[in-house]
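Letter by letter, the chains look like this.
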Amino acid sequence: MPHPNLFFAALLLGASQSVHAASLPSAPAYIDDSGYPPAAKQRILPPMFEQHLTSTRYIAKADNPLITTAEASDFRQTSTYEETRAWLRKLAAASGGKVALSELPEKSAEGYPMVLAVVSLSSDKSPAGLKKTGKPTIFVEAEIHPGESNGKDAMFMLLRDMTSGDKPLAALLEQVNILFIPTVNIDGDVRRSAYGRINQNGPDIAGWRVNGLNYNLNRDFTKLDSAEIRNVAWVFNTYELSFFADTHSTDGAMYPYDSSYCHNGNGWSPASSAWMDQTLRAPVYKALQDEGHVVHECISFNDNQDPTQGYYPYRSDLARFSNQYGDIRNVPSILIEQHALHPYRTQVLGNYVMLKAMFQVIGEQAGSLRAAIDQDRARLAAQQDVILTWKPGKAETVPFTVGDYRYETSPITGAKSIVWSNQPKQLDVPVTGNTEPDLVVKRPKQYIVPAQWREVITRLKAHGIAMRTLDKPTAVAVTLYRMDDVKVAGGFEPDRAAVNQIPGYEGHLLVSGTGKPFQRLQTFPAGSVLIDVDQPLGVLAVNLLHPESPDSFWSWGFFNSTLIAAEEPEEYVMEPMARKMLEQDAALKAAFDKKLKDDPAFAADPKARLNWFYQRTPFYDVNAFVYPVGTVF
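Computed from a prediction, not measured in an experiment: that's the story for all the values here. (Residues numbered from 1 in each chain as written. Predicted model: local features only at pLDDT ≥ 70, side-chain atom pairs only at ≥ 80, totals over all residues. Heavy atoms only, no water.)

Caption draft 1: Representation of the sheet that holds strand S10 (residues 333-339) within the structure. Across the sheet, eight strands lie side by side as S1-S2-S4-S3-S5-S10-S6-S7; this open sheet has mixed pairing. Strand pairing shows two members of the sheet lacking a second neighbour, strand S1 (99-103) and strand S7 (295-296), which therefore form its edges. With five bridges joining them, S1 and strand S2 (residues 115-119) adopt antiparallel strand pairing. The residue bridging Glu103 from the neighbouring strand is Val115, located in S2. With respect to the sheet, helix H5 (residues 150-163) is in contact with S1, S2, strand S3 (137-141), strand S4 (177-181), strand S5 (243-250) and S10, its orientation differing from that of S4 by roughly 145°. Along the sheet, helix H10 (residues 344-364) makes contact with S3, S4, S5, strand S6 (259-262) and S10, crossing S10 at roughly 155°. (Pairing = 2+ DSSP bridges. Helix = DSSP H or I, 4+ residues; strand = E, 2+ residues; numbered from the N terminus. Contact = heavy atoms within 4.5 Å. Axes fitted to C-alpha atoms, helices over the stretch in contact; angles between N-to-C directions.)

Next up, the structure:
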């Protein structure tokens, strides 16, 4: 029989549920908005720039059987996940075999299946079948942040126009194959409400930014915590990709650019970036401008209160982000950002025109794109000094248009607040992109990950990194790193000004530190894996396994349990031992005296002084603060 107090509590819970269940906030949003004033429930967005779009001609007629939820609602709504799947089934049925649907290997955190659409004229839509066509295979994903749904709705319209009826766009499939994930973050998409995205101008009902585990999935491309991004990595591993586009909307400051995208800057695939600059950009920009859209690369202001301080373009960032992950894998990749303050109709149509133009250029210039990819792969394969991060170099001054603005003293914040208008104002501003190599490391021959770090091995395999498993304990001469100056690190958020006040980021306690190398003959147990860095994903392996890399598994906190000395001495043992050590070792005494003189904090800390001697005995834990992955140079 249960404890009487628990039994009584269960009775109360049952009574409470029967009385109050109907009035409690419920799924999907769990929001009761009845107690809020009207002003708290209405977005007050700045007035938008006037535009005259001709891209409205791509909107389907009301009687089109494949009209989308967005089009049918005059772009007030976007489809639910069930409606998304149902619409894709209708598209596949009407496509005459051009569209095939399948489910990706893993379900979302909350258990929803993820759908992949394969769009091709080839009857064989397997990875081998697409490769056999000789056409570029383009991978597009949408709703990694479900409130940012314009990419899904634009791709629905575009795929319909490419695969059904006698449309001019059907010719695009003569040149390319398409892979499309309409909803990467299904959990967030299901969590829909009118309050999903405070800074966005439509749709009326939107999903939520994070998944069921509260992960921002566009921070997960290196650590692979989520099933959703492991599915995306599976697509990278399974298909021979020629191009990757991740679709978003940005809620940045006030400017007339409704459509934007950015590539990867210097990055790991500079030839692909150059191809996008020299071959892709001009026709894509022209296509948008011809339809009345205003285009720019995607950016964040350095100071949202002062646009004269210029902007930071999303280039040469960390591989935890989608397009930079494609970049380190030598897949030409872009991040598309439609401006969230523009009407949702403008966002969707801008994405439609942009993607349509990109597909056309990629198809027409497939040979030069292939050459750029091959050049980048050869470069990384031969690179002996591997660049893992970049830093800002000399700022470049460029023209940039914003909305005219003024300042008012806010009674809410007590500070001056920027007030935007929709009248264009031309500025010349600095661009502070990451242009200079920062963390550069020597490329090793091999890494050896001990068998006990199974979670790290599993994730390396999910990335598609080739490895072989040791079948018996094996002694290998390796370089190890004892990590010094270890500190709790903050997350990297280019679009967030506030630093988290609570330690931790994306479910991890990130750390930073300096690795001090030393050599020893390490015995690795059976089941350990040996990774040759001379492989297509060798630089990705370095990024994940060099401990000082900000996207290494060490930095993400997977090895935090090593940051401890397992044994400590009692003072009554160590203090007399230290005296005898000083008596017997003149060099040790000189080093101790110098430390006392040079380091007042050390001199004033009895425990630190005692520990200094302990670390110079063979009793000290030889594995304390040692990163256990072996490196072979």
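Caption draft 2: Looking closely at the sheet that holds strand S18 (residues 468-469). The antiparallel open sheet is built from six strands, whose spatial order is S18-S21-S17-S22-S19-S20. Bordering the open sheet on either side are S18 and strand S20 (511-524), each of which pairs with just one other strand. Against the sheet, helix H13 (residues 538-545) makes contact with strand S17 (446-449), strand S21 (529-532) and strand S22 (626-632), and its axis sits at roughly 50° relative to S17, the strand it touches most.

Caption draft 3: Structural context of the nonpolar core. Ranked by internal contacts, the top residues of the largest apolar core, which has 124 residues, are Ile178, Phe359 and Val449. A total of 12 residues in this core trace back to one element, the largest contributor, which is H10. If near-sequence neighbours (up to four positions away) are discounted, Phe359 is found in contact with Ile138, Val140, Met155, Leu158, Met162, Leu172, Val176 and Ile178. One finds Tyr255, Tyr257, Ile299 and Val398 within the second-largest nonpolar core, a separate group that totals 19 residues. (Core = buried A, V, L, I, M, F, W, Y, C linked by side-chain atoms within 4.5 Å. Buried < 20%, exposed > 50% of the residue type's maximum accessible area, 1.4 Å probe, protein only.)

Caption draft 4: Main features of the state of the cysteines. In this structure the tally under the stated criterion is one disulfide. Across the disulfide from Cys262 sits Cys298; the S-S distance is 2.4 Å. Across the disulfide from Cys262 to Cys298, rotation about the S-S bond amounts to roughly -55°, and the bridge is consequently left-handed. Note that Cys262 is positioned in strand S6 and Cys298 in the loop between S7 and strand S8 (299-301), a separation of 36 residues in sequence. A single burial state applies to Cys262 and to Cys298, both of which are buried. (Disulfide = S-S within 2.5 Å.)

Caption draft 5: Just the packing of aromatic side chains, in detail. For the coordinates displayed, the defined rule picks out 29 aromatic pairs. Between the aromatic rings of Phe156 and Phe180, the centroid separation amounts to 6.3 Å while the plane-to-plane angle is 90°, which identifies the pairing as edge-to-face. With Phe156 in helix H5 and Phe180 in strand S4, the pair connects residues that are 24 residues apart, well separated along the chain. For Phe156, a relative accessible area of 2% corresponds to the buried category. The ring of Phe518 has Arg482 lying over it, and the distance from NZ or CZ to the ring centre is 5.1 Å. (Phe/Tyr/Trp six-rings, centres within 6.5 Å; stacked < 30°, edge-to-face > 60°. Lys NZ or Arg CZ within 6 Å of the ring centre and 35° of its normal.)

Caption draft 6: Spotlight on the side chain of His263. With respect to the helices and strands, His263 occurs in the loop between S6 and helix H8 (270-290). The class for His263 is buried, based on a relative accessible area of 10%. A distance of 3.0 Å separates a polar atom in the side chain of His263 from the backbone nitrogen of Gly265. Reaching out from His263, the side chain makes a polar contact with the side chain of Asp277 at a distance of 2.9 Å. The contacts of His263, once residues within four sequence positions are left out, are Ser273, Met276, Asp277, Tyr314, Arg315, Asn323, Gln324, Ser333 and Ile334. (Polar contact = N/O pair within 3.5 Å; in protein donor to acceptor, adjacent residues only side chain to side chain.)

Caption draft 7: Structural context of the side chain of Gln446. Here Gln446 lies in strand S17. Residue contacts for Gln446: discarding those within four places in its chain leaves Leu530, Ile531, Asp532, Val533, Gly630, Thr631 and Val632.

Caption draft 8: A look at the domain arrangement of the protein chain. The domains assigned to the protein chain are domain 1 (54-380), domain 2 (397-435) and domain 3 (442-632). Between the C-alpha centres of domain 2 and domain 3 the distance comes to 45 Å. (Domains from an automatic or database assignment.)

Caption draft 9: Structural detail: the pairing of S17. Along S17, one buried face is formed by Gln446 and Ile448 and the opposite face, lined by Tyr447 and Val449, is buried too. Examined bridge by bridge, S17 and S21 share four bridges and lie antiparallel to one another. Along S21, the bridge assignment pairs Ile448 with Leu530. The sheet contact formed by S17 and S22 spans three bridges and is antiparallel. Following the sheet pairing, Gln446 is matched in S22 by Val632.

Caption draft 10: Summary view of unusual backbone geometry. Looking along the chain, the bond that leaves Ala27 and enters Pro28 is cis, with omega of 5°. Its place among the elements puts Pro28 in the loop between helix H1 (4-20) and helix H2 (69-72). Even without glycine at this site, Asn214 takes up a positive phi of about 65°. Locating Asn214 in the fold gives a position in the loop between helix H6 (186-190) and helix H7 (227-238).

Caption draft 11: Summary view of helix H12 (residues 454-462). All buried positions along H12 are accounted for by Val456, Ile457, Arg459 and Leu460. Mapping the buried residues of H12 onto a view down its axis gives an arc of 165°, with all of them on the same face. (Arc of directions from axis to C-beta.)

Caption draft 12: Helix H11 (residues 366-382), seen in detail. Between its terminal C-alpha atoms H11 stretches 24 Å, which fits the 24 Å expected from 17 residues at 1.5 Å a residue. Restricting attention to buried positions, one finds in H11 the residues Leu369, Ala372, Ile373, Asp376 and Leu380. Across the axial projection of H11, the buried residues extend over an arc of 95°, all falling on one side. Pointing more than 90 degrees away from the buried face of H11 are the exposed residues Gly367, Gln375 and Ala382. Of the surrounding secondary structure, the elements contacted by the buried residues of H11 are H8, helix H9 (322-328), H10 and H13. (Expected span 1.5 Å × (residues − 1).)

Caption draft 13: Inspection of the environment of Gly393 at higher detail. Mapped onto the elements, Gly393 comes out in the loop between strand S12 (390-392) and strand S13 (396-409). Overall, Gly393 belongs to the partly exposed group, its relative accessible area being 29%. Put simply, Gly393 and Glu436 are 43 residues apart on the chain and 5.5 Å apart in space, counted from C-alpha to C-alpha. Look past the residues within four positions of Gly393 in its chain and what remains in contact with it is Gly433, Thr435 and Glu436.

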